Amino acid sequence: MQRSHLPLGFTLGDAAGVGPELIVKLFHQGLPHPAVVYGDAGILARACTALGLEDRIRIQPLKTPGAGSCKNVIGVLNRWDSLPPDLPYGRVDARAGRGAYEYLCHAIDDAQGGHLRAVVTAPLHKEALHAAGINFPGHTEILAERTATTDYAMMLANHELRVLLVTIHMALADVPQAINQEAEHRAITLAQLACRQAGIRQPRIAVAGLNPHAGEGGAFGTEESRHILPAIQAAKAQGLDVSGPWPGDTIFMRARKGEFDIVVAQYHDQGLIPVKYLGLDEGVNVTVGLPFVRTSVDHGTAFDIAGNGIADPASLRAAFDMALQMTAHAHTDQA
């Protein structure tokens, strides 16, 4: 399916955080492709007022995504209840948590229905989700559940690194039990897909070890020899350019220098710390394996600065740009 003529869909995220402000700033700057927002019109109007843009930006409620808008008109879709105009900034609120979930589900449904080119998500707050009785750890799991996707992964990327995770939101103590050949092979395959969506025709995939020195031949653990290496060998037999397992303390430096196109990391902090250390302003979170492209900021709701008008939209801009880039190639690799 070719989606390039469709608008992109932003989700508002948690209305008590910086998401509304970031979205308003992007629309005011101007977007290179039409977009719509899944969220609350009143909350976006409040953000316009807080930024002194109430006379420059018009909020337009929509019933369908249509053609979207690019600059100074924000088309908004909301099939859920309206949030109160005095919703407190910077606080966990079940109403904001429920709204963030409903906006996301609405965007997912429209993307599934072929009405959006891609989905770009502003940050939600896990405590607010849980306060609303929504027991998901984050965006990734909601997206996977609602699209009935079983093979998926989180990737964080910037202009220097792409990192895809084997395991995502789980306690570190549970990671070794989650490492198996099937999970490793799935992650390698999804890393191949992510790179091809980015226009890399022959990706060079590097796989990090779980243990120090990638196990040091079994001296520091056997997950590498029992699970990770067999998955690498199986992927190689299928024609993928994949190597490892490499020690986790050097693999990211090698990728940053251009030796690899993507790194498969074994657990959350192993993979995300190197990307976030390079800066949050250009990092993008991508859910790989969905039936449509989804990108997001690589930061949270920033409750400490919400409502002050100082949040930097650079990561959301990068997420928007990456969604455009990935959907420019989506018709060849993903329906």
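Whatever comes next refers back to the structure up there.
Below is a summary of the structure that appears in this document. Since the model is a prediction, treat every value here as computed from it, not as a measurement.

What follows deals with the packing of helix α7 (residues 181-197) against helix α8 (residues 223-237). The interhelical angle for the contact between α7 and α8, taken along N-to-C directions, is 45 degrees, at an axis separation of 8 Å. Taken together, the axes of α7 and α8 lie oblique to each other. Handedness of the α7/α8 crossing: right-handed. Facing Q181, E184, H185 and I188 of α7, the residues of α8 in contact are H227, I228, P230, A231, I232, A234 and A235. Here the contact of α7 with α8 is composed, by residue class, of 7 nonpolar, 3 polar and 1 charged.

Let us now look at the nonpolar core. If you look at the biggest cluster of nonpolar residues, it comprises 93 residues, and the most contacted ones within it are F10, I23, L164 and I188. Sorting elements by how many residues they give to this core places helix α3 (residues 94-112) first, with 9 residues. Excluding residues that lie within four positions of it along the chain, I188 makes contacts with I205, V207, A231, I232, A235, L240, V242 and V264. Counting residues in hydrophobic clusters, the runner-up holds 16 residues, among them L156, F252, V263 and V275.

Our next topic: the sheet that holds strand β6 (residues 153-157). Spatially, β3-β4-β2-β1-β5-β12-β11-β6-β7-β10-β8-β9 is the arrangement adopted by the 12 strands of the open sheet, whose pairing is mixed. Looking at which strands have only one partner, the edges of the open sheet turn out to be β3 (58-62) and β9 (241-246). For this sheet the average axis-to-axis angle between neighbouring strands, irrespective of direction, equals 25 degrees. Alignment of strand β5 (residues 119-121) against strand β12 (residues 294-297), held across 3 bridges, turns out to be parallel. Within the sheet, the bridge partner assigned to V119 lies in β12 and is R294.

Moving on, we get to the pattern of salt bridges. Per the counting criterion, the structure on display carries 10 salt bridges. For R95, the salt bridge is made with D93, and the minimal N-O distance between the two is 2.8 Å. Under the relative-accessibility criterion, D93 is labelled buried at 12%. We note a salt bridge from R256 to E160, for which the minimum N-O separation is 2.5 Å. Placement of the pair is R256 in helix α9 (residues 251-256) and E160 in the loop between β6 and β7 (162-165), with a sequence separation of 96 residues.

Evaluation of the coordinates by the stated rule reveals 5 aromatic pairs. With centroids separated by 6.3 Å and ring planes inclined at 35 degrees, the aromatic side chains of W246 and F260 adopt a geometry described as tilted. With a gap of 14 residues between them, W246 in strand β9 and F260 in the loop between α9 and β10 (262-265) connect regions that are remote in the sequence. Of the aromatic side chains, those joined through ring pairs into one cluster are F10, F27 and F320.

For helix α11 (residues 314-328), with 15 residues, the first-to-last C-alpha span of 21 Å sits near the 21 Å given by 1.5 Å per residue. Among the residues of α11, S315, L316, R317, A318, A319, F320, M322, A323, L324, M326 and T327 are the ones counted as buried.

On to the environment of F292. Relative to the assigned elements, F292 resides in the loop between β11 (284-288) and β12. Residues F292 and I262, 30 residues apart in the sequence, show an inter-C-alpha distance of 20 Å.

Turning our attention to the packing of α3 against helix α5 (residues 139-146). As a packed pair, α3 and α5 sit with axes 10 Å apart at the nearest point and diverge in direction by 45 degrees. Classed by the angle they form, the pair α3 and α5 counts as oblique. Both α3 and α5 take part in a crossing whose hand is right-handed. Facing Y101, L104, C105, I108, D109 and Q112 of α3, the residues of α5 in contact are H139, I142, L143 and R146.

Trans peptide bonds make up the majority, and among non-glycine residues the majority have a negative phi. In this structure, P245 follows G244 across a cis peptide bond, with omega equal to -5 degrees. Note that P245 resides in strand β9. You will see that A214, though not glycine, has its phi angle at about 55 degrees, which is positive. Position of A214 among the secondary structure elements: in the loop between β8 (204-208) and α8. The backbone of E216 shows a phi angle near 50 degrees, a positive value even though the residue is not glycine. Inspection of the secondary structure assignment puts E216 in the loop between β8 and α8.

The rules behind the values
- Residues numbered from 1 in each chain as written.
- Predicted model: local features only at pLDDT ≥ 70, side-chain atom pairs only at ≥ 80, totals over all residues.
- Heavy atoms only, no water.
- Axes fitted to C-alpha atoms, helices over the stretch in contact; angles between N-to-C directions.
- Helix = DSSP H or I, 4+ residues; strand = E, 2+ residues; numbered from the N terminus.
- Parallel < 35°, antiparallel > 145°, perpendicular 65-115°, else oblique.
- Left-handed = near helix turned anticlockwise from the far one by under 90°.
- Contact = heavy atoms within 4.5 Å.
- Nonpolar A, V, L, I, M, F, W, Y, C, P; charged D, E, K, R; others polar.
- Core = buried A, V, L, I, M, F, W, Y, C linked by side-chain atoms within 4.5 Å.
- Buried < 20%, exposed > 50% of the residue type's maximum accessible area, 1.4 Å probe, protein only.
- Pairing = 2+ DSSP bridges.
- Salt bridge = Lys/Arg side-chain N within 4 Å of Asp/Glu carboxyl O.
- Phe/Tyr/Trp six-rings, centres within 6.5 Å; stacked < 30°, edge-to-face > 60°.
- Expected span 1.5 Å × (residues − 1).

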